[in-house]
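Secondary and tertiary structure notes
What follows is the residue order along each chain.
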Amino acid sequence: MWKPRMLAPMLSVAAVLIAGGADAAMLTQVQGDVQVDRGHGFEPAQGAMPLQVGDKLQVGPGGAAQVLYSDGCHFPPAAGPAMTVGPQSPCAIRAAYPR
């Protein structure tokens, strides 16, 4: 469901993705215990932030976030073990290996 208060963060994410650069994805809609490791240990996520290939993301119990990849893929990481941001989105990987 679309909510007006989500428009500004969505536009910010779109602007960063359109601008390009080394960012593989954007971390958005951060709630609760979400941590990012950029190679120097896990630190609390600071709201919407760019993610690069190799960054690790961990969602704690009760935490939530969305990862928006440059190809438009939205991925909600589950609470539990850390995931590593790869060069391809989960959607692209899934499309490459159809059932």
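**A short note on the pairing of strand β2 (residues 34–37)**
The side chains of a regular strand alternate, first on one face of the sheet and then on the other. Across four bridges, the pairing between β2 and strand β5 (residues 56–59) is antiparallel. Within β5, the position partnered with V36 by the bridge is L57. Where β2 lies against strand β3 (residues 42–44), three bridges are found, and the strand directions are antiparallel. Pairing of D37 across the sheet is with F42, part of β3. Hairpin geometry of β2 and β3 is characterised by an intervening segment of four residues between the two adjacent antiparallel strands and by a positive phi of about 105° at G39.

**Some words on the pattern of salt bridges**
With the rule as written, the count across this model stands at one salt bridge. Between R38 and D55 there is a salt bridge, and its shortest N-O distance comes to 3.4 Å. Residue R38 is located in the loop between β2 and β3, and its partner D55 is located in the loop between β4 (49–52) and β5; the two are separated by 17 residues in the primary sequence. Its relative accessible area of 5% is what places D55 among the buried residues.

**What to know about the environment of G60**
Position of G60 relative to the elements: it lies in the loop between β5 and β6 (64–69). Beyond its immediate sequence surroundings of up to four residues, G60 is in contact with D33 and A79.

**Overview of the state of the cysteines**
Scanning the model with the defined rule gives one disulfide in all. Each sulfur of the disulfide joining C73 and C91 lies 2.1 Å from the other. Looking along the S-S bond of the C73-C91 disulfide, the torsion reads about 70°, which is the right-handed sense. Taken together, the positions of C73 in the loop between β6 and β7 (74–75) and C91 in helix α2 (residues 90–96) put the pair 18 residues apart, joining distant regions of the chain. Under the relative-accessibility criterion, C73 is labelled buried at 4%. In this structure C91 comes out as partly exposed when scored by relative accessible area, which is 28%.

Rules used throughout
- Residues numbered from 1 in each chain as written.
- Predicted model: local features only at pLDDT ≥ 70, side-chain atom pairs only at ≥ 80, totals over all residues.
- Heavy atoms only, no water.
- Pairing = 2+ DSSP bridges.
- Helix = DSSP H or I, 4+ residues; strand = E, 2+ residues; numbered from the N terminus.
- Salt bridge = Lys/Arg side-chain N within 4 Å of Asp/Glu carboxyl O.
- Buried < 20%, exposed > 50% of the residue type's maximum accessible area, 1.4 Å probe, protein only.
- Contact = heavy atoms within 4.5 Å.
- Disulfide = S-S within 2.5 Å.

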